[in-house]
Amino acid sequence: QVQLVESGGGLVQAGGSLRLSCAASSVRPFSQFTMGWFRQAPGKERKFVAAITWGGGSTNYADSVKDRFTISRDNAKNTVYLQMNSLKPEDTAVYYCAADLLGSGSVVESSYEHWGQGTQVTVSS
């Protein structure tokens, strides 16, 4: 069983920055999990944002956030981060952290076995 707790969401003006954190607790070592961030805007489906793999820490980003968002992980702290810069109103969504044991960094939601409860990010224009 894996428990994921997101934090760091909030209200920010367009052009601003936020850093999301996701703290994980699990019987298995955190380093064995590929970690992903997804987001769901009001009335829309949940979509892939970024992922970082369990091994070498390879990263993968949605085109809409590339060059603005950075995913990173600290295995010693069992935490994954999403640094979000140059935020736009269209980034407004609930952001979810997800874990995939020994995963490849998939963009597919169903590849991830464990999910957090989400944190709200609102970007005002």
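Everything discussed here concerns the structure shown above.
I will try to describe carefully the structure that is included in this document. This one's a predicted model, so the numbers in the text were calculated from it and none came from an experiment.

Reading guide: rules and limits
- For every chain, the first residue of the written sequence is number 1, and numbering continues from 1 onward in sequence order.
- Local features in this predicted model are restricted to residues whose pLDDT is 70 or higher, and side-chain atom pairs enter the listing and the counts only when it is 80 or higher, whereas totals over whole chains, interfaces and linings include all residues.
- Side-chain numbers here rest on the full set of heavy atoms in the structure, without hydrogens or water.
- Going along the chain from the N terminus, every DSSP run of H or I of four or more residues is numbered as a helix, and every run of E of two or more is numbered as a strand.
- The quantity called the radius of gyration is restricted to C-alpha atoms. Its globule counterpart is 2.2 Å times the number of residues to the power 0.38.
- For the exposure calls, accessible area comes from a 1.4 Å probe over protein chains only, and a residue counts as buried if that area is under 20% of its type's maximum, exposed if over 50%, partly exposed in between.
- A 1.4 Å probe and the Shrake-Rupley method give the accessible areas. Residues count as covered only by the protein chains that appear here.
- The working definition used for a salt bridge is a side-chain nitrogen of Lys or Arg within 4 Å of a carboxyl oxygen of Asp or Glu.
- Two strands pair if DSSP finds at least two bridges between them.
- For helices, the fitted line uses only the C-alpha atoms of the stretch in contact; every axis is such a line through C-alpha atoms, and the angle between N-to-C directions lies from 0 to 180 degrees.

### A word on the overall build of the protein
Each helix and strand in the protein was counted, giving zero helices and 11 strands. For the protein, the α and β elements follow one another from N to C terminus as β-β-β-β-β-β-β-β-β-β-β. By the compact-globule yardstick of 14 Å for 125 residues, the protein fits well, its C-alpha radius of gyration being 13 Å. For the protein, the C-alpha atoms occupy an extent of roughly 40 × 25 × 25 Å along the three principal directions. Here the protein holds 125 residues, and 45% of them are scored as buried. Of the roughly 6,200 Å² that the protein leaves accessible, carbon and sulfur atoms contribute 47%.

### Comments concerning the pattern of salt bridges
Tallying each qualifying case throughout the model produces four salt bridges. Between R68 and D91 there is a salt bridge, with its nearest N and O atoms 2.7 Å apart. A residue pair is termed long-range when its members are at least 10 positions apart, and R68 in the loop between β6 (59-61) and β7 (69-74) and D91 in the loop between β8 (79-84) and β9 (93-101) qualify at 23 residues. Given the relative accessible area of 11%, R68 is considered buried. Three or more residues joined by partner-sharing salt bridges are found here, namely R39, R68 and D91.

### Considering the sheet that holds β7
Overall, antiparallel pairing links the four strands, which are arranged β1-β3-β8-β7 in an open sheet. Each edge of the open sheet carries a strand with a single partner, namely β1 (2-7) and β7. Across the sheet, the axes of successive neighbouring strands diverge by a mean angle of 15°, strand direction being ignored. Where β7 and β8 come together, six bridges link them in antiparallel fashion. From the neighbouring strand, F69 faces β8, where its bridge partner is M84.

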